[in-house]
Amino acid sequence: MSGNTIGRLFSVTTYGESHGPALGAIVDGCPPGMELCEADIQVDLDRRRPGRSRHTSQRKEADQVRILSGVFEGVTTGTPIGLMIENTDQRPRDYSAIKDKFRPGHADFSYQQKYGIRDYRGGGRASARETAMRVAGGAIARKCLSERTGITIFGYVAQLGPIRLECPNPEIINDNPFFCGDPARLKELESFMDELRLAGDSIGARINVCARGVPPGLGEPVFDKLEAVIAHALMSINAVKGVEFGAGFAAVEQRGSEHRDEIAPGGFLKNDAGGTLGGISSGQDLLVSIAMKPTSSIRKKGATVTRGGAATEISTGGRHDPCVGLRATPIAEAMLAITLMDHYLRDRAQCGDVDRQAAAGARPAAAARTARG
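What comes next is a walk through the structure. What you see is a predicted model; the values in this text were computed from it and never measured.

### With respect to the packing of helix α1 (residues 38-48) against helix α7 (residues 329-351)
Item 1. Direction vectors running N to C along α1 and α7 enclose 140 degrees, while the axes themselves pass 8 Å from each other. Considering the angle they form, α1 stands oblique to α7. Touching Asp44, Arg47 and Arg48 of α1 are Thr329, Pro330, Ile331 and Glu333, all from α7.
Item 2. Broken down by class, the residue content of the contact of α1 with α7 amounts to two nonpolar, one polar and four charged.

Below, the structure written as structure tokens:
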């Protein structure tokens with residue numbers, strides 16, 4: 001199966017299935033000499049892991065990561081970093097009753113058509129469990145970006161079904177099961193999810209992600225525009241159906257005089273562009289939003305067919321997230337970090353000796369940095 005690697009100079013390759021023995025990743029291109037231990041990675045894995053609240057899958061996985069290579073005496077060596085997480089709470093029997101049925105909205109049908117065989121135990125590679133290794137690889141990218149460029153990345157749930165959310169208190173995002181930045185809305189979210197779970201149904205979500213301190217100049221002008229590569233990375237996450245930057249689809253209703261981000265001596269006056277111009281970072285905050293569809297594995301019965309083509313009904317039991325968006329924030333952050341790390345290295349390789357001071361007066365003072373590591 002191809003397509004298991006993302007990135008060029010900084011790349012992450014994942015392997016493993018939802019109910020197989022383990023999940024793994026190879027992270028290649030991490031610069032040498034960076035202090036790295038398993039605890040650096042575990043903090044983000046703990047934010048993503050299942051079973052943290054009654055509102056997510058009750059699969060009990062510790063998601064303890066092991067570093068198998070690429071680190072010696074506590075620092076990266078520049079060689080591939082091998083990572084592994086053992087699956088310790090597998091229950092493939094949950095899927096035995098539906099192994100010959102296709103779950104509507106899931107990858108069962110398309111995998112069978114492409115490969116002629118599929119892993120029905122939770123969807124195999126199509127399971128969101130695969131994203132644990134993305135988060136592990138993203139944690140390495142995030143640490144390197146923070147230390148070398150000062151880039152920080154955070155995300156939050158901006159909409160849960162019909163409930164739209166602001167983020168007035170970002171400091172509480174990781175202190176509640178909804179990755180919500182508005183403490184006044186937590187009870188409302190709890191009630192909504194309790195009702196949804198009792199109904200045996202699922203719901204979608206919108207996640208907003210922001211990267212701050214991104215230096216100007218990252219990205220390429222044509223096929224590898226920064227937002228194009230980020231969109232590719234985010235769209236590769238299970239259940240993501242849409243990606244927006246800055247004003248996003250609201251730009252359809254804006255006039256040019258309204259949408260353009262005017263510039264003053266002190267910097268840009270707003271950020272409807274979302275942090276890029278011409279596919280290259282502008283030095284503003286990188287603002288991106290993803291839309292996630294409702295979980296396909298639900299208890300409510302639906303029409304489908306068997307592998308033989310016979311009409312039937314299906315109801316999916318077992319342990320599933322009624323809203324995959326509730327654990328998606330660390331995944332989206334990780335994919336953004338991986339992409340930015342890759343483009344940071346690409347920019348350093350091609351343009352590391354460019355004198356950027358000449359244009360410093362034409363961009364925000366906060367973005368006027370001439371060196372990139």
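### Section: the sheet that holds strand β10 (residues 205-212)
Item 1. The antiparallel open sheet is built from five strands, whose spatial order is β9-β8-β10-β16-β11. A strand with exactly one partner marks an edge of an open sheet, and here the two such strands are β9 (163-164) and β11 (240-245).
Item 2. Note: β11 against strand β16 (residues 286-292), five bridges, orientation antiparallel. Its bridge partner being in β16, Glu244 is matched across the sheet by Ser289.
Item 3. In the packing of helix α5 (residues 226-235) onto the sheet, contacts are made with β11 and β16, and the angle to β11 comes to roughly 155 degrees.

### A word on unusual backbone geometry
Item 1. For Glu73, which is not glycine, the phi dihedral falls at a positive 55 degrees.
Item 2. With respect to the element layout, Glu73 can be found in the loop between β5 (71-72) and β6 (75-76).
Item 3. Given the relative accessible area of 71%, Glu73 is considered exposed.

### As for the side chain of Gln112
Item 1. When you line up the elements, Gln112 lands in helix α2 (residues 108-115).
Item 2. Those residues in contact with Gln112, other than ones at most four positions away along the chain, are Phe102, Ile117, Arg118 and Arg307.

### Brief notes about helix α4 (residues 186-198)
Item 1. An ideal rise of 1.5 Å per residue puts 18 Å on 13 residues; α4 measures up with 19 Å between its terminal C-alpha atoms.
Item 2. Those residues of α4 that sit buried are Leu189, Phe192, Met193 and Leu196. Around the axis of α4, the buried residues are gathered within 95 degrees of arc, so they sit on the same side. Residues Lys187, Glu195 and Leu198 are exposed on α4 and point more than 90 degrees away from its buried face.

### Some points on the sheet that holds strand β2 (residues 11-16)
Item 1. Taken in spatial order, the five strands line up as β1-β2-β3-β7-β4 in an open sheet, and their pairing is antiparallel. The sheet is open, and its two borders are formed by β1 (5-6) and β4 (65-67), each paired with just one other strand.
Item 2. Relative to the sheet, helix α3 (residues 131-149) contacts β2, β3 (22-28) and β7 (81-86), its axis offset from that of β7 by approximately 140 degrees.

### A short note on the nonpolar core
Item 1. Core analysis: the largest hydrophobic core is formed by 78 residues, its most contacted members being Phe10, Ile41, Leu83, Ile140 and Leu340.
Item 2. When residues in this core are grouped by element, the largest group, eleven residues, is from α7.

### Brief notes about the pattern of salt bridges
Item 1. In this structure the tally under the stated criterion is 23 salt bridges.
Item 2. Here Asp44 and Arg47 are joined by a salt bridge, their closest N and O atoms 3.2 Å apart. On the criterion of helical spacing, the pair formed by Asp44 and Arg47 is a turn pair, its members being three residues apart in helix α1. Arg47 carries the same exposure label as Asp44, and that label is buried.
Item 3. A salt bridge links Arg185 to Glu188; the shortest N-O distance between them is 2.7 Å.
Item 4. According to the relative accessible area criterion, Arg185 is partly exposed, its value standing at 22%.
Item 5. In the salt-bridge network here, residues are joined through shared partners; they are Arg8, Asp224, Asp342 and Arg346.

### Looking at the packing of aromatic side chains
Item 1. This structure, assessed with the given rule, holds two aromatic pairs.
Item 2. Aromatic pair Phe102 and Phe109: ring centres 5.5 Å apart, planes at 90 degrees, arrangement edge-to-face.
Item 3. The buried category is assigned to Phe102, whose relative accessible area is 6%.

### With respect to the state of the cysteines
Item 1. Per the counting criterion, the structure on display carries zero disulfides.
Item 2. Cys144 forms no disulfide, and the closest cysteine sulfur to it belongs to Cys30, at a distance of 5.1 Å.
Item 3. Note on Cys144: relative accessible area 1%, which makes it buried.
Item 4. Free cysteine: Cys323, not disulfide-bonded; nearest cysteine sulfur from Cys180 at 12 Å.
Item 5. Among the residues examined, Cys323 registers a relative accessible area of 0% and is labelled buried.

### Things to note about the packing of α5 against α7
Item 1. Remark: α5 packs on α7, axes separated minimally by 9 Å, with the N-to-C direction vectors making an angle of 140 degrees. What the angle tells us is that α5 and α7 run oblique. Here the hand of the crossing between α5 and α7 comes out right-handed. Where α5 abuts α7, its residues Leu226, Val229, Ile230, Ala233 and Leu234 lie against Ala332, Met335, Leu336, Thr339, Leu340 and His343.

The rules behind the values
Residues numbered from 1 in each chain as written. Predicted model: local features only at pLDDT ≥ 70, side-chain atom pairs only at ≥ 80, totals over all residues. Heavy atoms only, no water. Axes fitted to C-alpha atoms, helices over the stretch in contact; angles between N-to-C directions. Helix = DSSP H or I, 4+ residues; strand = E, 2+ residues; numbered from the N terminus. Parallel < 35°, antiparallel > 145°, perpendicular 65-115°, else oblique. Contact = heavy atoms within 4.5 Å. Nonpolar A, V, L, I, M, F, W, Y, C, P; charged D, E, K, R; others polar. Pairing = 2+ DSSP bridges. Buried < 20%, exposed > 50% of the residue type's maximum accessible area, 1.4 Å probe, protein only. Expected span 1.5 Å × (residues − 1). Arc of directions from axis to C-beta. Core = buried A, V, L, I, M, F, W, Y, C linked by side-chain atoms within 4.5 Å. Salt bridge = Lys/Arg side-chain N within 4 Å of Asp/Glu carboxyl O. Phe/Tyr/Trp six-rings, centres within 6.5 Å; stacked < 30°, edge-to-face > 60°. Disulfide = S-S within 2.5 Å. Left-handed = near helix turned anticlockwise from the far one by under 90°.

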